[in-house]
Amino acid sequence: MPKRRDIVAIVLIVLPWTLLITVWHQSTITPLLASQKDDRRDGRSNSRNTFAFKESCSLQNRDIVEVVRTEYVYSRPPPWSDILSTIHVITPTYSRPVQKAELTRLANTLLHVPNLHWILVEDSQRRTTLVTHLLRDMGLNYTHLNVETPRNYKIRGDTRDPRIPRGTIQRNLALRWLRETYNVNSSQPGIVYFADDDNTYSLELFEEMRSTKKVSVWPVAFVGGLRYESPKVNTLGKVYGWKTVFDPHRPFAIDMAGFAVNLRLILSKPQAYFKLRGVKGGYQESSLLKELVTLGDLEPKAANCTKVLVWHTRTEKPVLVNEGKKGFTDSNVEI
Amino acid sequence: MATRMKLKLKTVFVLYFMVSLLGLIYALMQLGQRCDCTEHDIPKDRTISRLRGELHRLQEQIRKSEATKQPQKPPDRQPTVFVITPTYARLVQKAELTRLSQTFLHVPQLHWIVVEDSPHKTPLVTDLLVKSGVTYTHLHMPTAKDRKLQEGDPSWLKPRGVEQRNEGLRWLREDRRAQPGGDNQQGVVYFADDDNTYSLQIFEEMRSTQRVSVWPVGLVGGMKYERPVVEGGKVVRFHTGWRPSRPFPMDMAGFAVSLKLVLSNPEACFDGEAPMGFLESSFLQGLVTMDELEPKADNCSKVLVWHTRTEKPKMKREEALHAQGLGSDPAVELVDFIQQRSG
């Protein structure tokens, strides 16, 4: 008899506690856990619970991008999200036979990236119909600018560097347009990236650069006569040098495709432009970056600069010998 | 003594039970106060609900835009475009396949058949295809050594991709034979090299191919573009600067064959022994005559595909570093290790 009473008593004790536990389990995860505001997705953290929490948060962000990307496949571009920062891609371009092909395949890539704004700057006196129609038919969110590079820069006799590197004036125009269009105080979050029209970009690259706070960097393939050039990153996750053969002592030994700048930084330093003249080969990027940021401020991306997400491909100049002097093919057909 | 013990135990139990009951009542009261959770609401919580809301909004937008589109055939009724791409390991392979996959990802009902010139499937291509999101089939077929271009050979010396394209055709025939519909299946077969550039329109143009359709190709044959000349809706001759007397003087990227024709002609394949420039003709000769060709791209007046070629990247410094034993980390994937041996 006492045994049965004991059992009844034990049941009466355990039952309410199990009810209580299930009730607590269903409510939101308790505020007793982490209060860190750290957004970085590094693995180190104090307690396992906090890490799981942060990861679920960043996973949510990625989930959105993934869902948008896979579900929209045939509706392009992806719908505009109010949360993701806008990526402003600045592409200088100039007329040559492969121009339409290059811009077509670059646009096919960019059409997959959410919240992208393409700033295409032509090296021409007037906006060409080829580019105008291409942009109109693509469906991308774009801005079409143009500025012609003066051909006669040799007059001043600057023998060391008589010509300005290609695309400089065009990129500077885009920077100026950004500064005129966006206000440093009220601007939405944005990232600025310089993308040449003949390179190859993976879609992962654009998601890596979205979290740029000042200037982020990553490896680039096929530059500097190497398989890839990359920043040197120490164990603390900071950039301390450059793994290149060609002049690794440049302030920023990096290719144009290897870095992205936060829009706010561009707007807050209105004097920062690419230097036009007197710039040695390979120092173009440094001429802009040294006005914006120091080496220690650089943010390494692409798994601490161990993955290659962008390739500096170059397209062969097509052989057009059979055109002859007068042009064999109908010049009205656009290529 | 026993009774005293028992009594004590009883009080303990009763006490315990009362405490539990009070705890339960408290918890149930908490349940009722759902609006009072701002103190428990930390920023990350808010972000999650905001992201969820954003996700739902975007999904709604997608559904809305899909609904307002012009009513067209539901995607699974459109004829599938089977794209056969031969590829081989070299420095720019990953880049080429990446940007090609980015184009194909836009095309509905596309099945990408990638055939590697390799004795086995490489991890580089395997991973790329998995991550690409494109519907694909991954095959491999090595080229015989004497048929392979050696280092320093000009690119026109030996035909490239022959064995691979034939393997793609063989797989396609075998796979489709097992499908319902037999030889009457809808579909189009297109040979897309991995360094060319394709606009999205070309795939829509070729979808309606009944036998063999043709269109202009840009930047090929030593000219801005090569194209079939169309009169009265029929192809009468070809506008090309190089050997126009060939049966079909066009590039691989300039035609597509209907699946029906491929299946009903199981012997049709590319002839590796054909003289330079006759590769396409060796395939098409048995399939169709010139007046049966269907001109696309606005009666062959628009260029929707370009025969671009990618430069070989300069590796002088890499080789110099290698000599010193300081080459860049080969573990960073760019190029297959097989290529390293010959490079």
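For clarity, every value in this text was computed on a predicted model and none was experimentally measured.

What follows concerns the overall build of chain B. When helices and strands are tallied, chain B shows eleven helices and twelve strands. A buried classification covers 48% of the 343 residues belonging to chain B. As displayed, chain B offers around 17,900 Å² of accessible surface, 56% of which is attributable to carbon and sulfur atoms.

What follows covers the packing of helix α3 (residues 99–110) of chain A against helix α4 (residues 129–138) of chain A. All names here are of chain A. One way to put it is that α3 packs onto α4 with a least axis distance of 11 Å and a crossing angle of 20°. On the basis of the axis angle, α3 is roughly parallel to α4. Considering only the axes of α3 and α4, their crossing is right-handed. Every residue of α4 that contacts α3 at Gln99, Lys100, Leu103, Thr104, Ala107 and Asn108 is listed here: Leu130, Val131, Leu134 and Met138. Grouping the amino acids of the contact of α3 with α4 by side-chain chemistry returns six nonpolar, three polar and one charged.

On to the UniProt feature "binding site: Mn(2+)" (unreviewed entry) in chain B. Feature annotation in UniProt assigns "binding site: Mn(2+)" (unreviewed entry) to the following positions: Asp195 of chain B. Looking at where Asp195 of chain B falls in the secondary structure, it is placed in the loop between β4 (187–191) and β5 (197–198). According to the relative accessible area criterion, Asp195 of chain B is buried, its value standing at 14%. Non-local contacts of Asp195 of chain B, meaning those with residues more than four positions away in its chain, are made with Arg105 of chain A together with Glu96, Thr308, Arg309 and Thr310 of chain B.

This brings us to the interface of chain A and chain B. The partner chain B presents 79 residues to the 81 residues of chain A that form the contact. Here chain A packs against chain B, burying approximately 7,600 Å² in sum over the two surfaces, 65% of which is carbon and sulfur. Taking the shortest distance from any N to any O, the salt bridge between Glu316 of chain A and Arg309 of chain B comes out at 3.1 Å. Inspection of the chain A/chain B interface yields 14 residue pairs in polar contact (both at pLDDT 80 or more). Secondary-structure elements contributing two or more residues to the side of chain A that touches chain B are α1 (2–26), α2 (48–71), α3 and β5 (200–201) of chain A. The biggest single contributor to the side of chain A that touches chain B is α1 of chain A, with eleven residues. Here the side of chain A that touches chain B is composed, by residue class, of 43 nonpolar, 21 polar and 17 charged.

Moving on to the sheet that holds strand β2 (residues 110–116) of chain B. Residues and elements named next belong to chain B. The seven strands are arranged β3-β2-β1-β4-β10-β6-β11 in an open sheet whose pairing can be described as mixed. Both outer strands of the open sheet, β3 (136–140) and β11 (294–295), are each paired with one neighbouring strand and no more. Taken together, the five bridges between strand β1 (residues 80–87) and β4 define a ladder with parallel strand orientation. Pairing of Val81 across the sheet is with Val188, part of β4. Of the strands in this sheet, β1 and β2 touch helix α3 (residues 93–104), which is tilted by about 165° from β2. Relative to the sheet, helix α5 (residues 162–177) contacts β1, β2, β3 and β4, its axis offset from that of β2 by approximately 135°.

Summed over all chains, the structure comprises 19 aromatic pairs over all chains. Taken together, a centroid distance of 5.7 Å and an interplanar angle of 85° make the contact between Phe104 of chain B and Phe203 of chain B edge-to-face. Taken together, the positions of Phe104 of chain B in helix α3 and Phe203 of chain B in helix α6 (residues 200–206) put the pair 99 residues apart, joining distant regions of the chain. When its relative accessible area of 1% is taken as the criterion, Phe104 of chain B is described as buried. With 6.2 Å between their ring centres and 50° between their planes, Phe191 of chain B and Phe255 of chain B make a pair best called tilted. Linking Phe191 of chain B in strand β4 with Phe255 of chain B in strand β10 (residues 255–258), this pair joins segments that are 64 residues apart in sequence. Taking the relative accessible area as the measure of exposure, Phe255 of chain B reaches 0% and is therefore buried. Chaining the aromatic ring pairs together yields one cluster made of Phe104, Trp112, Tyr190, Tyr198, Phe203 and Trp215 of chain B. The cationic tip of Arg166 of chain A hangs over the ring face of Tyr94 of chain A; the distance from NZ or CZ to the ring centre is 3.9 Å. Of note, Arg90 of chain B hangs over the ring of Tyr88 of chain B, and the distance from its end group to the ring centre comes to 4.4 Å.

Considering all chains together, one arrives at 23 salt bridges over all chains under this definition. For the salt bridge of Asp82 of chain A with Arg57 of chain B, the shortest nitrogen-to-oxygen distance reads 3.5 Å. Pair noted here: Asp82 of chain A is in the loop between α2 and β1 (86–93) and Arg57 of chain B is in helix α2 (residues 43–68), and the two residues belong to different chains. Residue classification places Arg57 of chain B among the partly exposed positions, given a relative accessible area of 31%.

Residues and elements named next belong to chain A. The UniProt record marks Glu285 with the feature "active site" (unreviewed entry), using the residue numbering of this structure. Within the element layout of this structure, Glu285 appears in helix α8 (residues 284–292). In contact with Glu285, other than residues within four places in its own chain, are Ile254, Asp255, Met256, Phe259 and Phe274.

In this structure, Phe191, Phe255, Val257 and Phe283 of chain B are the most contacted members of the largest nonpolar core, which totals 34 residues. Counting residues in each nonpolar core, the second largest holds 33 residues, with Leu134, Tyr193, Tyr201 and Phe206 of chain A among its members.

Right, let's get into the pairing of β10 of chain B. All names here are of chain B. Both faces of β10 are covered, namely the face carrying Phe255 and Val257 and the face carrying Ala256 and Ser258. Looking at chain direction, strand β6 (residues 212–214) and β10 are connected through three bridges and run antiparallel. Bridge pairing links Val212 to Val257 in β10.

Moving on to the environment of Ala144 of chain B. Structurally, Ala144 of chain B can be placed in the loop between β3 and α5. C-alpha of Ala144 of chain B to C-alpha of Glu163 of chain B: the two residues are 19 residues apart in sequence and 8.8 Å apart in space.

With a phi angle near 60°, Cys305 of chain A is a residue other than glycine that sits in the positive phi range. Examined against the element boundaries, Cys305 of chain A turns out to sit in helix α9 (residues 302–305). You can call Cys305 of chain A buried: its relative accessible area is 7%. The phi dihedral of Asn299 of chain B falls on the positive side, at around 55°, and the residue is not glycine. Among the secondary structure elements, Asn299 of chain B is positioned in helix α9 (residues 297–300).

Right, let's talk about the UniProt feature "binding site: UDP-alpha-D-glucuronate" (unreviewed entry) in chain A for a bit. All names here are of chain A. Residues given the UniProt feature "binding site: UDP-alpha-D-glucuronate" (unreviewed entry) here are Pro92, Thr93, Tyr94, Asp123, Arg166, Arg171, Asp196, Asp197, Asp198, His312, Thr313 and Arg314. Looking at Asp198, the relative accessible area reads 15%, which means it is buried. Structurally, Thr313 can be placed in the segment after β12 (310–311). Judged by relative accessible area, Thr313 falls into the buried class, the value being 1%. A polar side-chain atom of Thr313 sits 2.7 Å from the main-chain carbonyl oxygen of Asp198.

The next subject is α5 of chain B. Residue and element names in this part refer to chain B. For α5, with 16 residues, the first-to-last C-alpha span of 23 Å sits near the 22 Å given by 1.5 Å per residue. Most of α5 sits inside the fold, with twelve of its 16 residues counted as buried. The set of residues buried in α5 consists of Val162, Glu163, Gln164, Arg165, Asn166, Glu167, Gly168, Leu169, Trp171, Leu172, Arg173 and Arg176.

Conventions we followed
Residues numbered from 1 in each chain as written. Chains lettered and ligands numbered in written order. Predicted model: local features only at pLDDT ≥ 70, side-chain atom pairs only at ≥ 80, totals over all residues. Heavy atoms only, no water. Helix = DSSP H or I, 4+ residues; strand = E, 2+ residues; numbered from the N terminus. Buried < 20%, exposed > 50% of the residue type's maximum accessible area, 1.4 Å probe, protein only. Areas by Shrake-Rupley, 256 points an atom, 1.4 Å probe, with all protein chains shown as cover. Axes fitted to C-alpha atoms, helices over the stretch in contact; angles between N-to-C directions. Parallel < 35°, antiparallel > 145°, perpendicular 65-115°, else oblique. Left-handed = near helix turned anticlockwise from the far one by under 90°. Contact = heavy atoms within 4.5 Å. Nonpolar A, V, L, I, M, F, W, Y, C, P; charged D, E, K, R; others polar. UniProt positions renumbered as here; feature names shortened; annotations may be inferred. Buried area = accessible area lost by both parts, 1.4 Å probe. Salt bridge = Lys/Arg side-chain N within 4 Å of Asp/Glu carboxyl O. Polar contact = N/O pair within 3.5 Å; in protein donor to acceptor, adjacent residues only side chain to side chain. Pairing = 2+ DSSP bridges. Phe/Tyr/Trp six-rings, centres within 6.5 Å; stacked < 30°, edge-to-face > 60°. Lys NZ or Arg CZ within 6 Å of the ring centre and 35° of its normal. Core = buried A, V, L, I, M, F, W, Y, C linked by side-chain atoms within 4.5 Å. Expected span 1.5 Å × (residues − 1).

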